[in-house]
Amino acid sequence: MKKIMMQAIAKQGDVLEVTFSKDFYTKPQNDFRIYEDGKLRMKVRPVSQSESGSSYIYTMITKGLSYVPGRKYQVKTKENYFIDIDISFLALTPDFERRYRYDGRLGAEYHPDRTIFRVFSPFATMIVLKLMKKGETEYKTYRMRRDDGYGIYELEIEGDLDEARYLYCPEIFGDMSDVPDPYAYGLGRNSLCSYVIDPEKVKRIETFSEHLPPFSDRSKAILYECSIRDMTSKTSLSNKMTYNALAKEGLKTKGGLPMGLDYLSSLGVTHIQLQPVLDFQTIDDDDPASTYNWGYDPSFYFAPEGSYCSDPDDPYCRIVELRKLVGALHKKGLRVVLDVVYNHVYTAIFNPLSILVPRYYFRHNNDQTLSGGSGCGNDLESRKYMTRKLIKDSLHHLVDFYDCDGFRFDLMGITDIETLRQAYEELSEKKPEILFYGEGWDLFTNLPADLKATQYNSYKMPFCAFFNDRFRDVVKGKTGHTELAVRGYLSGDTNYLDGFKHVFLGSSIAIAFAPLFATPDQSLNYVECHDNHTLYDKLKICCQGESDEEIFKRMKMITVAILTSCGIPFFHAGQEIGMSKKGDGNSYDAGDAVNGFDYSLLDQRKDLYLFFRDAIQLKKRLVSLVGKEHDELRSLISFENLPFGAVKIDYRLRDFTIFVIFNPTRNSFTYSFADYSQLIFNEAGNVEEQDYYVKLAIVSALSVSVYISRRREE
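Scope of this entry: the structure provided in the associated data block.

**Here's the deal with the sheet that holds strand E6 (residues 55-61)**
(1) Moving on: If you trace the eight strands from one edge of the open sheet to the other, you get E4-E3-E7-E8-E1-E2-E6-E5, paired in mixed fashion. Two strands bound the open sheet, and with one partner strand each, they are strand E4 (39-44) and strand E5 (46-51). Put simply, the sheet's adjacent strands are angled 25° from each other on average, direction ignored.
(2) Moving on: Of the strand pairs in this sheet, E5 and E6 are connected by five bridges, and their pairing is antiparallel. Counterpart to Pro46 in the pairing with E6 is Met60.

Right, dumping it as structure tokens:
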């Protein structure tokens, strides 16, 4: 109420703006006093007076007054009303950025005999820690000690505080409010409080990383994206949509096919990318089924999402169950990539980061308004020292606590290159095989183009791979809502033949387009992810009039193209069996009926599932045959244009030549090989055991086929 009636904001070092509600003041003011920590500093008079329909506005010059964060500044009216001055403009100044930095540990540092609480909040004039030990029913309060050198508050409390809940209550510009710890490892139901967590108790849970096969070359990865909720939401499990449900073994469809964890394991992929698992805003932990969201609306960067666990009131439940899920995937030989959202938060104004350090953590436009390049909320300013620390600390925590094997960075172009470079260098010391990849779109955020982690700066980021939207659009056609009828090469527009050659080489060779990437292993080749229409829905629109059987043939061609091209193959859950989202191209909140994995469809389209598994094995065999030549794969590939716009791709290896023929047209024709070649793969999947050799091959319409020829001794 106070801020509605009276408000004082320092606009810059010597300009102060004071606003009074006309409901509170009926006559103008012309005499003010400025106080610092209760002591008179100066008398000031307005240099400008104006009014709106509801307020009087006064502008004053406070020359000679230097604001110091942590001190209390007030403006006094002649009636002796004291109004706290908001000096948050300082957070946007270079001096503040250089002055207030802390390299130590933040959050609740647990020891069996004591816990140390540290929080970064330079503007706070005081912070009260509210603490409720396990078994108690009321909070006790403790005043924290300020360290002016770093802008942190710290307090050590003796005793075993495991599972104690706590909140910070800072006084900033006259306001006091309870906020959870942004560095909290554990949260309560609906993120209403923080919990002290014993890391050793968590790390005693096995993650079975010893079950993982060797992995050193990121281009040998095969990525599969899924949501924890979606993978079991359409099952009859009592605990569906949870970490535990996805970690359960032995589940079967009505047709006897594997479900959940066993389904993921059966595919043959190398990495499972889990859509956001860190705490997000818009799901009610009390009734998760009543709302739906993918999780790209982050609130906290250290604690897992509560709606996915069996008991969100238990501080360890979400932590333990996520770690067990990672362990279950590892035990199946699957590495785990976490989808992280460091580009924005759901809303800055209510986020603990913004409450504890107003305006600091978020990017601003030149007019000091919040930058919103993500289109989903307010952009984090990753260049700020403590924001960069937050991101890196979060990444370290996810590796240390959950033993994850890589990160997919959402809207990575909002983040600066240096932050990601530092994070990769530090984390690759812990896990040399760690994967970094993300969305490198160039979004309209207030960050210079040469600093953005976009695909156009890929040459500055050799450690990182990027979603190749050019591959997506050339192979299947455009994705925009107004361009869904536009075909790509494998959906039938053979004018994209040269573009197909370009993306097949990892968009790293100048054919039809300028290169996007310096090396093909920076190209993440995909046609479907959680965003936009599913591949099936897209093909139904752009290939209007074609039967499902014909659509499935195109899907098979696209699957093989993703797996045999240069770069990293990526698939979205359900793509392999032609799942539909009922034409919804932005289903982030469309509910389980639209987004859930449909196991009944899996039973109906078992042949597509088996084809996908065979195609994965084809990829692995190709990698095996290429061997040490893998790094030079681009130079070993050549193309031959075939009738009607089809194409043959040759992999000329030391001992073998592999031929892949794509015919996205509705015409059949014959092709004559120079020598007998063995057909090893076609629309039926792996056919190598049939021992079928041809010299004159029939190339069917809407088909893909793979042949192998052993190099003869000369």
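**Regarding the side chain of Lys538**
(1) Moving on: For Lys538, the position within the fold is in helix H12 (residues 535-542).
(2) Moving on: The buried charged residue Lys538 lacks any salt bridge, with Asp473 as its nearest oppositely charged partner at 7.5 Å.
(3) Moving on: Side-chain polar atoms of Lys538 contact the backbone oxygen of Leu484, separated by 2.9 Å.

**Focus: the packing of H12 against helix H13 (residues 548-564)**
Two quantities define a packed helix pair, namely the angle between the axes and the distance from one axis to the other.
(1) Moving on: The N-to-C vectors of H12 and H13 enclose an angle of 125°; their axes lie 10 Å apart at closest approach. As judged from the angle between their axes, H12 and H13 are oblique. H13 is crossed by H12, and the crossing has right-handed handedness. The segment H12 lies against H13, with Leu535, Tyr536, Leu539 and Lys540 engaging Asp548, Ile551, Phe552, Arg554, Met555 and Ile558.

**Regarding unusual backbone geometry**
(1) Moving on: The backbone of Lys582 sits at a positive phi, close to 60°, despite the residue not being glycine.
(2) Moving on: Along the chain, Lys582 falls in the loop between strand E28 (568-572) and helix H14 (592-595).
(3) Moving on: The residue Asp691 is not glycine, and still its phi comes out positive at about 55°.

**Digging into the pairing of strand E31 (residues 656-663)**
(1) Moving on: In terms of burial, E31 is largely enclosed, as eight of its eight residues are buried.
(2) Moving on: Here E31 shows two buried faces, one formed by Phe656, Ile658, Val660 and Phe662 and the other by Thr657, Phe659, Ile661 and Asn663.
(3) Moving on: Judged from the six bridges that link them, strand E30 (residues 647-652) and E31 form a sheet pairing that is antiparallel. Counterpart to Asp650 in the pairing with E31 is Phe659.

**Remarks on the side chain of Ser194**
(1) Moving on: Looking at the secondary structure, you find Ser194 in strand E18 (residues 194-195).
(2) Moving on: Non-local contacts of Ser194, meaning those with residues more than four positions away in its chain, are made with Ala164, Arg165, Tyr166, Pro180, Asp181, Ala184, Gly186 and Leu187.

**A short note on the nonpolar core**
(1) Moving on: Counting residues in each nonpolar core, the largest one holds 200 residues, and the members touching the most others are Phe117, Tyr224, Phe407, Phe500 and Phe662.
(2) Moving on: Phe215, Leu223, Ala465 and Ile568 belong to the second largest nonpolar core, which has 17 residues in total.

**So, H12**
(1) Moving on: For H12, a buried count of six out of eight residues is recorded, marking the element as mostly surrounded by other parts of the structure.
(2) Moving on: What H12 keeps buried is the set Leu535, Tyr536, Asp537, Lys538, Leu539 and Cys542.
(3) Moving on: Residues of H12 that are buried make contact with helix H10 (469-476) and H13.

**Points about helix H8 (residues 385-402)**
(1) Moving on: The terminal C-alpha atoms of H8, which comprises 18 residues, lie 25 Å apart, in line with the 26 Å expected from a rise of 1.5 Å per residue.
(2) Moving on: Asp403 occupies a position one or two residues after H8 and carries a positive phi of about 55°.

**Digging into the packing of aromatic side chains**
(1) Moving on: Under the defined criterion, the tally for this structure stands at 52 aromatic pairs.
(2) Moving on: With a centroid separation of 5.8 Å and an interplanar angle of 55°, the aromatic rings of Phe96 and Tyr360 are classed as tilted. In this pair, Phe96 is assigned in helix H2 (residues 94-99) and Tyr360 in the loop between helix H7 (352-356) and strand E23 (378-379), connecting sequence segments 264 residues apart.
(3) Moving on: A relative accessible area of 3% means that Phe96 is categorised as buried.
(4) Moving on: Note on Tyr360: relative accessible area 0%, which makes it buried.
(5) Moving on: Centroid distance Tyr671 to Phe673: 5.1 Å. Interplanar angle 80°. Geometry classified as edge-to-face. The pair formed by Tyr671 and Phe673 is uniform in burial state, with each residue classed as buried.

**A word on the packing of helix H5 (residues 260-267) against helix H16 (residues 606-626)**
(1) Moving on: The interhelical angle for the contact between H5 and H16, taken along N-to-C directions, is 50°, at an axis separation of 9 Å. If you check the angle between H5 and H16, you find them oblique. On the side of H5, the interface is formed by Tyr263, Ser266 and Leu267, while H16 contributes Tyr609, Phe612, Arg613 and Ile616.
(2) Moving on: Residue classes in the contact of H5 with H16 are distributed as five nonpolar, one polar and one charged.

**Considerations on the state of the cysteines**
The bond known as a disulfide is covalent and runs between the sulfur atoms of two cysteines.
(1) Moving on: In total, this model carries zero disulfides according to the counting rule given.
(2) Moving on: Left without a disulfide partner, Cys543 is nearest to the cysteine sulfur of Cys542, which lies 3.8 Å away.
(3) Moving on: For Cys543, a relative accessible area of 1% puts it in the buried group.
(4) Moving on: Left unpaired, Cys566 is separated from the closest cysteine sulfur, that of Cys464, by 19 Å.

**Topic: the pattern of salt bridges**
(1) Moving on: For the structure shown, the criterion picks out 51 salt bridges.
(2) Moving on: Here Glu97 and Arg101 are joined by a salt bridge, their closest N and O atoms 3.5 Å apart.
(3) Moving on: Using a relative accessible area of 13% as the deciding quantity, one classes Glu97 as buried.
(4) Moving on: With a closest N to O distance of 3.7 Å, Asp279 and Arg318 form a salt bridge. Of this pair, Asp279 sits in the loop between strand E20 (271-274) and helix H6 (317-331) while Arg318 is found in helix H6, placing the two residues 39 residues apart along the sequence. The residues Asp279 and Arg318 share a single accessibility class, namely buried.

**Concerning the environment of Pro182**
(1) Moving on: Mapped onto the elements of the fold, Pro182 is located in the loop between strand E16 (175-176) and strand E17 (186-187).
(2) Moving on: It is 38 Å that separates the C-alpha atoms of Pro182 and Leu267, two residues lying 85 residues apart in sequence.
(3) Moving on: Setting aside residues up to four positions removed in sequence, Pro182 forms contacts with Phe300, Phe302, Pro352, Leu353 and Leu356.

**Observations regarding the sheet that holds strand E27 (residues 523-525)**
(1) Moving on: Pairing is parallel in the closed barrel, where eight strands are placed in the order E19-E20-E21-E24-E25-E26-E27-E28. Ignoring which end each strand starts from, the neighbouring axes of this sheet average 30° apart.
(2) Moving on: Alignment of E20 against strand E21 (residues 335-340), held across four bridges, turns out to be parallel. Counted as the bridge partner of Leu274 is Leu338 from E21.
(3) Moving on: Where helix H9 (residues 417-430) meets the sheet, its contacts fall on strand E24 (406-409) and strand E25 (435-438), and the angle it forms with E25 comes to roughly 155°.
(4) Moving on: Docked against the sheet, H13 engages E27 and E28, running at close to 145° with respect to E28.

The rules behind each value
- Residues numbered from 1 in each chain as written.
- Predicted model: local features only at pLDDT ≥ 70, side-chain atom pairs only at ≥ 80, totals over all residues.
- Heavy atoms only, no water.
- Pairing = 2+ DSSP bridges.
- Helix = DSSP H or I, 4+ residues; strand = E, 2+ residues; numbered from the N terminus.
- Axes fitted to C-alpha atoms, helices over the stretch in contact; angles between N-to-C directions.
- Buried < 20%, exposed > 50% of the residue type's maximum accessible area, 1.4 Å probe, protein only.
- Lys, Arg positive; Asp, Glu negative; His and termini not counted.
- Salt bridge = Lys/Arg side-chain N within 4 Å of Asp/Glu carboxyl O.
- Polar contact = N/O pair within 3.5 Å; in protein donor to acceptor, adjacent residues only side chain to side chain.
- Parallel < 35°, antiparallel > 145°, perpendicular 65-115°, else oblique.
- Left-handed = near helix turned anticlockwise from the far one by under 90°.
- Contact = heavy atoms within 4.5 Å.
- Core = buried A, V, L, I, M, F, W, Y, C linked by side-chain atoms within 4.5 Å.
- Expected span 1.5 Å × (residues − 1).
- Phe/Tyr/Trp six-rings, centres within 6.5 Å; stacked < 30°, edge-to-face > 60°.
- Nonpolar A, V, L, I, M, F, W, Y, C, P; charged D, E, K, R; others polar.
- Disulfide = S-S within 2.5 Å.

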